[in-house]
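Structural features, examined
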Amino acid sequence: MKATIALLCIIALATATNVPPVKDFSLTDLEGEWFIDGTWKLEDGFFGNFTQLPNKLCPTALFSLLNRTAILLEVHYSDLTNMKGVTEFNTLIANDTDPAILSAGNGSLVVGYYSAQQRVAVLVAADESFAFVISRDSEFNNYEEINKFFAACDPAIPADQIIKANNTICEGPENAIYDFNVSALSGYYYVNGHYVVGKDPASCEIMYFSPSTEHKGLVNVTFIADDKVVGTDLFLPLPGRSGQWVPATTQDSLVFGFEDDQNGVWTWITGSEDEGFIISKEAKIGLVEFGIASEYFLASKMDVRHIHTVKNKCSLPSDMLEINA
């Protein structure tokens, strides 16, 4: 039986470490949403060789209990190889005597490690062809016991073969625009409104957007304040959720929640929800337009007292000017 190999891994673990036994596992422990935090033999490379942009980006798992012995596994991720959002479904049937063994039509999964306290679990294919770590916490970093589990498998799985997901770059408000017109943003834009806590905005703030010539699909975004480059990075609009832009090297995404293509006004906030911007080609926009564009901040439960207007007594650079940051 294929399940036997994985079970030997579990037995070896139980005798070699103090990992909580999975014999007390219940299907209800899996119910709900999880981040897929790490994978083994499931990745097939990285987009543009950026190690925080695996080709299966921002993976999440949702388990829905169907009955006492069956649970539905729904996996979501952005497929960067084909540039599309993907949703996969699998119905898993728990073994009569051991609910930690889950059978599907195309094979079986074994819950080899589970910690209610750490809110983390490891699921291994019964033939040990792949494994993945799921966590309730997007910033889970305590892999000590999980590495012991993998080391106890036969053959052992080295810790450096586990591909860790950077789920923090996938975080952000749930009200991001799903069908965002990425191509509409190009060139220089004034920052009309700046949500920032504890400081005033600069007297002139400008954003620059340019498609990357080296990495197709990525967009260069540069923030200029009083003629100085404050920050720059390449961002990838997520396939299937193009209003969320994940960074190639830094740690904060851009989440667009308002777009007015007709009047050329956009609003986004950072994934950490501690900063936000209203931009347009005009140095000033009308009060009504500003109010409408600011509603995204309110919908994201941000304090209106920290929304500042920017004076912008300056001119936009030529759209032909290159940014060298």
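All values derive from a computational prediction rather than experimental measurement. (Residues numbered from 1 in each chain as written. Predicted model: local features only at pLDDT ≥ 70, side-chain atom pairs only at ≥ 80, totals over all residues. Heavy atoms only, no water.)

**Some details on the pairing of strand β15 (residues 254–260)**
- Summarising the sheet, strand β14 (residues 241–247) and β15 pair through two bridges and their orientation is antiparallel. Bridge assignment links Trp245 to a residue of β15, and that residue is Leu254.
- The loop that links β14 with its antiparallel partner β15 comprises six residues.
- Two strands pair when backbone bridges link them, and β15 and strand β16 (residues 265–270) are joined in this way by six bridges, in the antiparallel orientation. Looking across to β16, one finds that Glu259 is bridged to Trp266.
- Hairpin remark: β15 followed by β16, antiparallel, with four residues in the connecting loop; positive phi at Gly264, about 65°. (Pairing = 2+ DSSP bridges. Helix = DSSP H or I, 4+ residues; strand = E, 2+ residues; numbered from the N terminus.)

**Quick notes on the side chain of Asn192**
- Along the chain, Asn192 falls in strand β10 (residues 187–196).
- Judged by relative accessible area, which is 3%, Asn192 ranks as buried.
- A polar contact is formed between the side chain of Asn192 and the backbone oxygen of Glu282, at a distance of 2.8 Å. (Buried < 20%, exposed > 50% of the residue type's maximum accessible area, 1.4 Å probe, protein only. Polar contact = N/O pair within 3.5 Å; in protein donor to acceptor, adjacent residues only side chain to side chain.)

**Overview of the packing of aromatic side chains**
- Going through the model one piece at a time under the given rule, you end up with 16 aromatic pairs.
- Judged by centre distance (5.0 Å) and plane angle (50°), the rings of Trp245 and Phe256 are tilted. Of this pair, Trp245 sits in strand β14 while Phe256 sits in strand β15, and the two are eleven residues apart along the sequence. Like Trp245, the residue Phe256 is buried in the burial classification.
- Every member of this aromatic cluster is reached through a ring pair, and the members are Phe180, Tyr189, Phe209, Phe223, Trp245, Phe256, Trp266, Trp268 and Phe277. (Phe/Tyr/Trp six-rings, centres within 6.5 Å; stacked < 30°, edge-to-face > 60°.)

**Section: the state of the cysteines**
- With the rule as written, the count across this model stands at two disulfides.
- Between the sulfur atoms of Cys58 and its disulfide partner Cys170 the distance amounts to 2.0 Å. The disulfide joining Cys58 to Cys170 has a torsion of about -85° about its S-S bond and is therefore left-handed. Of the two residues, Cys58 sits in strand β2 (residues 56–65) while Cys170 sits in the loop between β9 (163–164) and β10, which places them 112 residues apart along the sequence. Both residues of the pair, Cys58 and Cys170, count as buried.
- The partner cysteine of Cys204 in its disulfide is Cys314, sulfur to sulfur 1.9 Å. An S-S torsion of about 80° defines the bridge between Cys204 and Cys314 as right-handed. (Disulfide = S-S within 2.5 Å.)

**Looking at the nonpolar core**
- One finds Leu30, Phe63, Leu123 and Ile134 to be the most contacted residues of the largest nonpolar core, which totals 24 residues.
- Put simply, the parts of the chain that give this core at least two residues each are β1 (32–40), β2, β3 (70–79), β4 (84–94), β6 (107–115), β7 (120–125) and β8 (131–135).
- Per element, the largest residue contribution to this core is four residues, and it comes from β3.
- Other than its neighbours up to four places away in sequence, Phe63 contacts Leu30, Glu31, Gly32, Trp34, Ile71, Leu72, Leu73, Leu92, Leu123 and Ile134.
- Core analysis: the next-biggest nonpolar cluster, separate from the first, contains 21 residues, Met207, Val219, Phe235 and Trp266 among them. (Core = buried A, V, L, I, M, F, W, Y, C linked by side-chain atoms within 4.5 Å. Contact = heavy atoms within 4.5 Å.)

**Overview of helix α2 (residues 144–152)**
- Listing the buried residues of α2 in full gives Ile146, Phe149, Phe150 and Ala152. Viewed along the axis of α2, the buried residues span an arc of 165°, placing them on a single side of the element. (Arc of directions from axis to C-beta.)

**Focus on the environment of Ile36**
- Inspection of the secondary structure puts Ile36 in strand β1.
- Note on Ile36: relative accessible area 7%, which makes it buried.
- Sequence separation of Ile36 and Ser212 is 176 residues, and the distance between their C-alpha atoms is 29 Å.
- If near-sequence neighbours (up to four positions away) are discounted, Ile36 is found in contact with Pro59, Thr60, Ala61, Val75, Phe132, Val133, Ile134, Ala165 and Asn167.

**A look at the pattern of salt bridges**
- Using the criterion set out here, one finds three salt bridges in the structure.
- The residue Asp37 makes a salt bridge to Lys164 at a minimum N-O spacing of 2.7 Å. Here Asp37, found in strand β1, pairs with Lys164, found in strand β9; they are 127 residues apart in sequence, far enough to count as distant.
- Note that Asp303 is salt-bridged to Arg305, the shortest N-O span being 2.6 Å. (Salt bridge = Lys/Arg side-chain N within 4 Å of Asp/Glu carboxyl O.)

**A look at the pairing of strand β12 (residues 219–225)**
- With seven of seven residues buried, β12 is to be regarded as a mostly interior element.
- Residue alternation in β12 divides its side chains into two sets, Val219, Val221, Phe223 and Ala225 and Asn220, Thr222 and Ile224, and both sets are buried.
- In this sheet, β12 lies alongside strand β11 (residues 205–211) in antiparallel orientation, the contact comprising seven bridges. Its bridge partner lying in β12, Ser210 is registered against Asn220.
- Sheet analysis places β12 next to strand β13 (residues 228–238), joined by seven bridges and oriented antiparallel. The partner of Phe223 across the bridge, within β13, is Gly231.

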